[in-house]
Amino acid sequence: METIKKQLLSFGKIELNTVVVTVFLCLLSLVVLTLTNNPLIFAGILILSAFFIWQTPVAGLFAALLTTMIFGEHFSLLPLKIGDDIYKIYALDFVLIITFFCWFLQQNIKTLKHESMKANRKDFWLLVFFFFLVLTLFRSFLTASDKILAVATFKNYSYLLVYFLTALMLNSKEQIIRLLKIFLWGGVVLIGFVIYGLVSGRGLWSEATAGLRYLSGLHAYYLTFSIIILLVLMAYRQYVFGYFKTLLIFLLQIAGLVGAMFRHLWLGILAAGANLLIWLDFKRQNNLLKIALISFCVLAIIALVVLWGAGLIGSDYNFLQEKWFQSVLGRGATLSQTGSLAESAAGWRLATWKIALEKFLDNPLIGLGFGQKFFFEFRGFVDLVDIRNIHNDFASLLVQLGLLGFAPFLLFNWYQVRDLVKLIKQKDEFQKALALIFSGFYIVALFGIFFAIYLMFNGTSIFYWTVMGGITTLMKNEK
């Protein structure tokens, strides 16, 4: 276990190139966000990035993930623009393509390890799933109500290719820990966004989602990676930054996650914590419960001090307002509301899922295809909704692909769960800890897939497929 801690703090050529490429990509995002989307700057930064990616190709994948964690959709959806024409091939796409070619051109095909190319059942089912995506795309050209939307839908689902890129490039446990390092340090950087939201009263770039939120939804999701890593390591009494610093970072990240007001992430983290309690031994269960108790006491004390300060100083400063606590408590109360009392977002989801079920029954075997929309009435308002955007990726895949296309995706996930359980049951603590971390990532992603559009949006899907590739690598390196 000490090995994981040391490697998370190590810094070598791959880390250096990752930082350099990330700086370039962040600079591109800032220029586009604040000034203009200039094709010469776009191309120039990608060329500079390619020079460092060529030296260590895996740095390209890591930098793409880290930049996405920081800038979210401002990087993942940053398009190529030439004149007045906008092409929906994004900076993220270019980085992933450059990364693949830099890696591929450096491989000696004759000496590639057989194990890295050997097919397995879950890869087979994922390829079958991709085949149905392609088949559905061609079928949609004949049936889709919006052919451009159909092509865009196929492109978004095609980020599953990141799984194969990850499984091929991250071919050792050392590389897996480097991936965890990106998630951990990315979470540390996001603390800046947490503090900004608490002080200003609204999270940066949180306007896209209705309601008061102290952190954007994407930043909240990306924080869960660091939270899970710290939680598992603290259960093993491995404090990456020292006891007090680690606990402070953990508490700030928890505050950010809570303040984002995304209930599916709350539930995902709670489920991931319950999963840890199930698989850990008695000693480490106690460690985990102590961490939970200490965290609760510290947060309660802070809450009391803040409320006392609000009465003493007044409410001119946002972090001393009672509104934060009222918002969190009010948001939490909606979890128990059902039926006509259900909060509007939850009610909207239930209404669209019901319509989606009716659409699925129209063509249960092969589905409706991509590019389909439907009208429905919700609480007196008529809305036009894409099938792909019903805030349940499982349901939208089922409706669009039918049982024949959806079944391979389920089988792929079934084999992933089976592999995770096998890894967690190992006696080797190092391997078990890594498996517990990835199981936490997977559980949170499942909540996102069920309650949102994590497979449809590239800023979340690349993390899901990277995690899936990481699980496959762990399984290949099983002792």
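The model shown is predicted, which means the values in this text are computed figures rather than measured ones.

### Side note on the overall build of the chain
In step 1: A count of helical and extended segments in the chain gives 21 helices and 4 strands.
In step 2: The 479 residues of the chain split such that 54% are buried.
In step 3: For the chain, the proportion of contacts with a sequence separation of at least 24, taken over those separated by at least 6, is 78%.
In step 4: With an accessible surface of roughly 21600 Å², the chain has 70% of that area assigned to carbon and sulfur atoms.

### With respect to the confidence of the model for the chain
It should be kept in mind that the predicted coordinates are not to be read in detail where pLDDT is low.
In step 1: Averaged over every residue, the pLDDT of the chain is 87; the share at 70 or more is 87%.
In step 2: No element of the chain has a lower mean pLDDT than helix 7 (residues 114-117), which averages 48, and none a higher one than helix 4 (residues 58-71), which averages 97.

### Observations concerning the side chain of Glu15
In step 1: Examined against the element boundaries, Glu15 turns out to sit in helix 2 (residues 13-34).
In step 2: Once residues lying within four places of it in the same chain are set aside, the contact partners of Glu15 are Ser10, Arg178 and Lys181.

### Digging into helix 2
In step 1: In a regular helix each residue adds 1.5 Å, so 22 residues correspond to 32 Å; helix 2 covers 31 Å between its end C-alpha atoms and thus fits that length.
In step 2: Those residues of helix 2 not exposed but buried are Ile14, Glu15, Asn17, Thr18, Val21, Thr22, Phe24, Leu25, Cys26, Leu28, Ser29 and Val31.
In step 3: Buried residues along helix 2 sit against helix 3 (39-55), helix 4, helix 5 (73-76), helix 6 (91-105) and helix 11 (173-189).

### Things to note about the pattern of salt bridges
In step 1: Under the defined criterion, the tally for this structure stands at 6 salt bridges.
In step 2: Note that Lys155 and Asp93 form a salt bridge whose closest N and O atoms lie 2.9 Å from each other. Highlighted residues: Lys155 in helix 9 (residues 147-157) and Asp93 in helix 6, separated in sequence by 62 residues.
In step 3: The residue Asp386 makes a salt bridge to Arg388 at a minimum N-O spacing of 3.9 Å.
In step 4: Under the relative-accessibility criterion, Asp386 is labelled buried at 16%.
In step 5: Relative accessible area serves as the criterion here: at 15%, Arg388 is assigned to the buried category.

### Side note on the pairing of strand 1 (residues 79-82)
Successive residues of a regular strand alternate their side chains across the two faces of the sheet.
In step 1: Strand direction decides the pairing type here: strand 1 and strand 2 (residues 85-90), joined by 4 bridges, are antiparallel. Looking across to strand 2, one finds that Lys81 is bridged to Ile86.
In step 2: Between the end of strand 1 and the start of strand 2, which pair antiparallel, lie 2 residues, with Gly83 showing a positive phi angle near 65 degrees.

### Observations regarding the packing of aromatic side chains
In step 1: Counted according to the given criterion, the structure contains 41 aromatic pairs.
In step 2: Geometrically, the ring pair formed by Tyr163 and Phe412 is edge-to-face, given 5.4 Å between the ring centres and 90 degrees between the ring planes. Residue Tyr163 is found in helix 10 (residues 161-169), and its partner Phe412 is found in helix 19 (residues 393-424); the two are separated by 249 residues along the sequence.
In step 3: One Lys or Arg, Arg213, reaches over the ring of Phe262 and ends 4.2 Å from the middle of that ring.

What counts and what doesn't
- Residues numbered from 1 in each chain as written.
- Predicted model: local features only at pLDDT ≥ 70, side-chain atom pairs only at ≥ 80, totals over all residues.
- Heavy atoms only, no water.
- Helix = DSSP H or I, 4+ residues; strand = E, 2+ residues; numbered from the N terminus.
- Buried < 20%, exposed > 50% of the residue type's maximum accessible area, 1.4 Å probe, protein only.
- Contact = heavy atoms within 4.5 Å.
- Areas by Shrake-Rupley, 256 points an atom, 1.4 Å probe, with all protein chains shown as cover.
- pLDDT = per-residue confidence, 0-100.
- Expected span 1.5 Å × (residues − 1).
- Salt bridge = Lys/Arg side-chain N within 4 Å of Asp/Glu carboxyl O.
- Pairing = 2+ DSSP bridges.
- Phe/Tyr/Trp six-rings, centres within 6.5 Å; stacked < 30°, edge-to-face > 60°.
- Lys NZ or Arg CZ within 6 Å of the ring centre and 35° of its normal.

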